[in-house]
Amino acid sequence: MPTPSLFSILDRVLRGDYVRQEQLATGRIEVPTSRLIALGLLLGGLYGFGVGSYALFRGADQAWLQALTAALKVPLLFLLTLLVTFPSLYVFAALQRLPLDLRNLLRLLLVAILVHLTILASLAPVFAFFAASTKSYAFMLLLNVACFAVGGMLGLGVLRRATIAMFAPPLPPTLPPTAPSNAIPDSPGSSDGGEAVANVATTARQRLQASEQARTVLRVWCLVYGIVGAQMGWLLRPFLGAPDLPFTLFRPREDSVFIGVMRAIGQLLGR
Amino acid sequence: MNGSAVERLLRGDVDDTPSIRTCMVLAAVGSAAIGVALGGSSGEWRLAVFAAVKVPLLLAVTTLFCVPSFWVVNSVLGLRDDFAAAMRGLLAAQATLGLMLAALAPMVVFCSASVRDPYGLTLLDAGLFGVGTLAAQRVLARHYQLLIARDARHRLALRGWLVLYAFAGVQVAWVLRPFRGTEGFAVQFVRPEAFEQNAYVVLAEHVMRLFR
């Protein structure tokens, strides 16, 4: 089977083809990991360049270098965040008996990240337009945070849908299409039918319980992923390149992303 | 269930639990991995090596301290026949703890890069070990579900184990510190005053200081 093109893979990612129930039920997500990573690098680079364009428009120190490093740092940010958070997610997912093994769980996360990155890349022209027409560094910093937050929510929504699909009842119904009338549990002479219904009910209850637990694990993980991602972004800064500071690959470690964002809000409000 | 030992341990039923030797290797290697991450955060390679030895030691020594009491409690409760199965469950839980700690090693590196405050880091490390324990509990519950179904007194024995393990584990960790190393302190395997302080007394002193 020929390898699908990058564009057709991206199209399928956005349409949610890889997280449909029939796909997940096989326990395999049929998409080459290398292609997902290549797409991630491209889209992340695109958004990164859009963010770095602020340095170009504002005439910051070594602006082209700043724009290029931002284009490299956005994919790096996602890769490092995945590296920090994926191993523990895998252990918890396996403990929850999620039907995906290590490789396919990684693919699922890459699909979700790709949705995030595609949204970011689609916002790159908007960001560049604001960069060209805005002087305030604090505003651009907060705009960057907002873009990441919007993309992240939609990306993580893919994971949520995938978890629901993974624990949904199997597609071919386990019950006969037309249940005979004597299959009512307490009707006389229906012990077999009653048992079958009881078994199906027990399986459904177990599935629901497993689904709830898996969703809780995923919710917690999403929260951790968000915090780690935000702080990782802070560690990898500068992305925008402040016009009044000299170019540097990384800034010294200080404070945290949350203090940084609060400070930017304060500056924007003139405090 | 087929698959690697890791997959069988995490996903499998009680019968799928890897061999005793494999469980011990998983627990030792996994906890050594987080040890390297903890000790390596100081930038001092000797501390990385020390911590890679000390974290597995922490699990092993705590277990060794608790096993005799666990055996006695099981005997008193009339559960001696199930002791081997119970120990197997505890070993599987240790292996899961090791695996989870290894999975959290990148998180330790990330925390070290993000947080400067040593108290904050200690709290985060404690939290990560708590997460590891949570994962271990999951596997332990699978083993004990069968035992408790056989005899409800297993629940009591398990609770006793957990309380003693946590209680002793905190002091063993205190004696074996530093795991990260503190700026200004010499690089040592354990602190000179290791056996002179008690973790709970120090904790109580800290709490009392808050109210003064």
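Refer to the preceding data block for the structure.
Please read these numbers as outputs of a predicted model, since none were measured by experiment. (Residues numbered from 1 in each chain as written. Chains lettered and ligands numbered in written order. Predicted model: local features only at pLDDT ≥ 70, side-chain atom pairs only at ≥ 80, totals over all residues. Heavy atoms only, no water.)

S.K.: Where do I start with the overall build of chain B in this structure?
M.R.: Across its full length, chain B holds seven helices and zero strands. Starting at the N terminus, the α and β elements of chain B follow one another as α-α-α-α-α-α-α. Here chain B has a C-alpha radius of gyration of 18 Å; the compact-globule value for 212 residues is 17 Å, and the two agree. Taken along its principal axes, the extent of the C-alpha atoms in chain B is 55 × 45 × 25 Å. For chain B, the residues scored as buried account for 44% of the 212 residues in total. For chain B, the share of sequence-separated contacts (at least 6 apart) that also reach a separation of at least 24 residues comes to 71%. Of the roughly 11100 Å² that chain B leaves accessible, carbon and sulfur atoms contribute 68%. Chain B carries 19 positive and 14 negative side-chain charges, and their two centres are separated by 1 Å. (Helix = DSSP H or I, 4+ residues; strand = E, 2+ residues; numbered from the N terminus. Rg over C-alpha atoms; globule rule 2.2 N^0.38 Å. Buried < 20%, exposed > 50% of the residue type's maximum accessible area, 1.4 Å probe, protein only. Contact = heavy atoms within 4.5 Å. Areas by Shrake-Rupley, 256 points an atom, 1.4 Å probe, with all protein chains shown as cover. Lys, Arg positive; Asp, Glu negative; His and termini not counted. Charge placed at Lys NZ, Arg CZ, Asp CG, Glu CD.)

S.K.: Help me understand the overall build of chain A in this model?
M.R.: When helices and strands are tallied, chain A shows eight helices and zero strands. The helix and strand sequence of chain A, counted from the amino end, reads α-α-α-α-α-α-α-α. Counting only C-alpha atoms and orienting by the principal axes, one finds that chain A spans roughly 85 × 50 × 30 Å. Counting all 271 residues of chain A, 47% fall into the buried class. Here the contacts in chain A between residues at least 6 apart in sequence split such that 77% fall between residues at least 24 apart. Counting every atom, chain A has about 14000 Å² of accessible surface; 68% of that belongs to carbon and sulfur. Across chain A, the centroid of the 22 positively charged side chains sits 8 Å from that of the 13 negatively charged ones.

S.K.: How do you make sense of the interface of chain A and chain B when you look at a structure like this?
M.R.: Reports often express the size of an interface as the amount of accessible area lost when the parts come together. If you look at the interface, chain A gives 24 residues, while chain B gives 23 residues. For the chain A and chain B pair, buried surface summed over both sides reaches about 2000 Å², with 61% attributable to carbon and sulfur atoms. Contact with chain B buries area across many residues of chain A, yet Leu95(A), Arg97(A) and Arg253(A) alone supply 33% of it, more than any other trio. We note a salt bridge from Arg97(A) to Asp13(B), for which the minimum N-O separation is 3.0 Å. Run the count over chain A and chain B and you get eight residue pairs in polar contact (both at pLDDT 80 or more). Elements supplying a minimum of two residues to the side of chain A that touches chain B: helix 4 (63-95) and helix 7 (191-236) of chain A. By residue number, the principal contributor to the side of chain A that touches chain B is helix 4 of chain A, which donates 10 residues. Partitioned by chemical class, the residues of the side of chain A that touches chain B number 15 nonpolar, five polar and four charged. (Buried area = accessible area lost by both parts, 1.4 Å probe. Salt bridge = Lys/Arg side-chain N within 4 Å of Asp/Glu carboxyl O. Polar contact = N/O pair within 3.5 Å; in protein donor to acceptor, adjacent residues only side chain to side chain. Nonpolar A, V, L, I, M, F, W, Y, C, P; charged D, E, K, R; others polar.)

S.K.: Looking at this structure, how should I read the packing of helix 3 (residues 33-58) of chain A against helix 4 of chain A?
M.R.: Packed helix pairs are specified by the crossing angle of their axes together with the interaxial distance, meaning the distance between the axes. Residues and elements named next belong to chain A. Viewed as axis vectors pointing N to C, helix 3 and helix 4 meet at an angle of 145°, and their least axial separation amounts to 6 Å. The interaxial crossing formed by helix 3 with helix 4 has right-handed handedness. Side by side, helix 3 and helix 4 meet where Gly40, Leu41, Gly44, Gly45, Tyr47, Gly48, Phe49, Gly52, Ala55 and Leu56 of the first sit next to Ala63, Trp64, Gln66, Ala67, Ala70, Ala71, Val74 and Pro75 of the second. Partitioning the contact of helix 3 with helix 4 into residue classes produces 12 nonpolar, six polar and no charged. (Axes fitted to C-alpha atoms, helices over the stretch in contact; angles between N-to-C directions. Left-handed = near helix turned anticlockwise from the far one by under 90°.)

S.K.: Please explain the nonpolar core as it appears in this structure.
M.R.: Note on soluble globular proteins: their nonpolar side chains tend to be buried together. The biggest cluster of nonpolar side chains holds 122 residues, and the ones touching the most others in it are Tyr47(A), Leu105(A) and Leu108(A). With near-sequence residues (within four places) excluded, Leu108(A) lies in contact with Val19(A), Ile29(A), Leu100(A), Leu159(A), Ala162(A) and Met166(A). (Core = buried A, V, L, I, M, F, W, Y, C linked by side-chain atoms within 4.5 Å.)

The values are spatial; any link to function lies outside them.
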